[in-house]
Amino acid sequence: WPLDRFDYVGVDPPASTGFDLEESSKGERNNSLQPFREDPYGCHTEILQRKRRERNPFARKAPYELTCPEMRDLLLWCGPELIPEGNVPWSKM
């Protein structure tokens, strides 16, 4: 998606709540941003595999690749390299 077409509006809690923006930003960088830089799909590093297991302890998933077969390659792609542009559904439009 083109960056100039995307806007994000975030609201930080007031300081009176004890929220520490600097500490929170540091945690996001270390625990979210950095692991996904190394493993964009969350399939190969232990930290991201563990997060995935913990968020879905019963290994349930929607059958999107069956209900929307055009998305199958994208949904099942696990890298570690980025999915080739020719494998994304919108490349065939």
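Refer to the structure printed above.
Residues numbered from 1 in each chain as written. Predicted model: local features only at pLDDT ≥ 70, side-chain atom pairs only at ≥ 80, totals over all residues. Heavy atoms only, no water.

A. Structural view of the state of the cysteines. Under the defined criterion, the tally for this structure stands at 1 disulfide. A disulfide-free cysteine, C68 has its sulfur positioned 19 Å from the sulfur of C43, the nearest such atom. (Disulfide = S-S within 2.5 Å.)

B. Just helix α1 (residues 21-38), in detail. Across its 18 residues, α1 extends 24 Å between first and last C-alpha, which sits within 8% of the 26 Å expected from 1.5 Å per residue. R29 marks where α1 bends most, by close to 35 degrees. For α1, the side-chain oxygen to backbone nitrogen distance between the N-cap and E22 is 3.1 Å, and the N-cap itself is D20. (Helix = DSSP H or I, 4+ residues; strand = E, 2+ residues; numbered from the N terminus. Expected span 1.5 Å × (residues − 1). Bend = angle between axes of the 7 residues up to and from the residue. Polar contact = N/O pair within 3.5 Å; in protein donor to acceptor, adjacent residues only side chain to side chain.)

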